[in-house]
Amino acid sequence: MRQLFGQYGSVERASILMDRETGRSRGFGFVEMSNDSEADAAIAALNGANHLGRTLNVNEARPKGEGGGGPRGGGGYGGGRPSGGGGGGGRRGGQQDDYRGQARQPREPRW
């Protein structure tokens, strides 16, 4: 990714997310570029482009609250300022456990 995005400007950081269990790529990553104009150029050039037989989905990173619903978001190969996936997850706005200052009690497993 560093070499691919480096054609459009200076890449400060690039990472591909890996699956913990299999050790294989999860199919997306994040790229941080040194300035917005270079990032915009990379997004414009690479979004929808074919690379190694795969169509790239390159967009600017969204804050976690905006991504897909559920604990895992979507997203493509990153590209731009911190970029790539989406995400969400956790409970937002629903009831909260009222364990303030208390140790949580163990729960029965649900089979």
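Just so it is clear, the model here is predicted, and its values are computed rather than measured.

Asks: Any chance you could break down the side chain of E38 for me, citing the residues and the numbers?
Replies: Mapped onto the elements, E38 comes out in helix α2 (residues 36-46). Side-chain polar atoms of E38 contact the backbone nitrogen of S10, separated by 3.0 Å. Apart from the residues within four sequence positions on either side, E38 is in contact with Y8, G9, S10 and M33.

Asks: So, unusual backbone geometry: which residues are in play, and what are the values?
Replies: Look at L52: it is not a glycine, yet its phi comes out positive at around 55 degrees. Secondary-structure assignment places L52 in the loop between β3 (50-51) and β4 (54-55). You can call L52 exposed: its relative accessible area is 79%.

Reading guide: rules and limits
- Sequence order as written defines the numbering, with residues in each chain counted from 1.
- Only residues with pLDDT of at least 70 get local features here, since the model is predicted, and only at 80 or more are side-chain atom pairs given and counted; chain-wide, interface and lining totals rely on the full set of residues.
- Computation of side-chain values covers all heavy atoms of the structure but excludes hydrogens and water.
- Strands here are runs of E lasting at least two residues and helices are runs of H or I lasting at least four, both read from the DSSP assignment and numbered beginning at the N terminus.
- Under the rule applied, a polar contact is a pair of N or O atoms within 3.5 Å (in protein, one hydrogen donor and one hydrogen acceptor; residues adjacent in sequence only if both atoms are side-chain atoms).
- By definition, residues are in contact when any of their heavy atoms lie within 4.5 Å.
- Burial classification: accessible surface area is computed with a 1.4 Å probe over protein chains only, and a residue below 20% of its type maximum counts as buried, one above 50% as exposed, and the rest as partly exposed.

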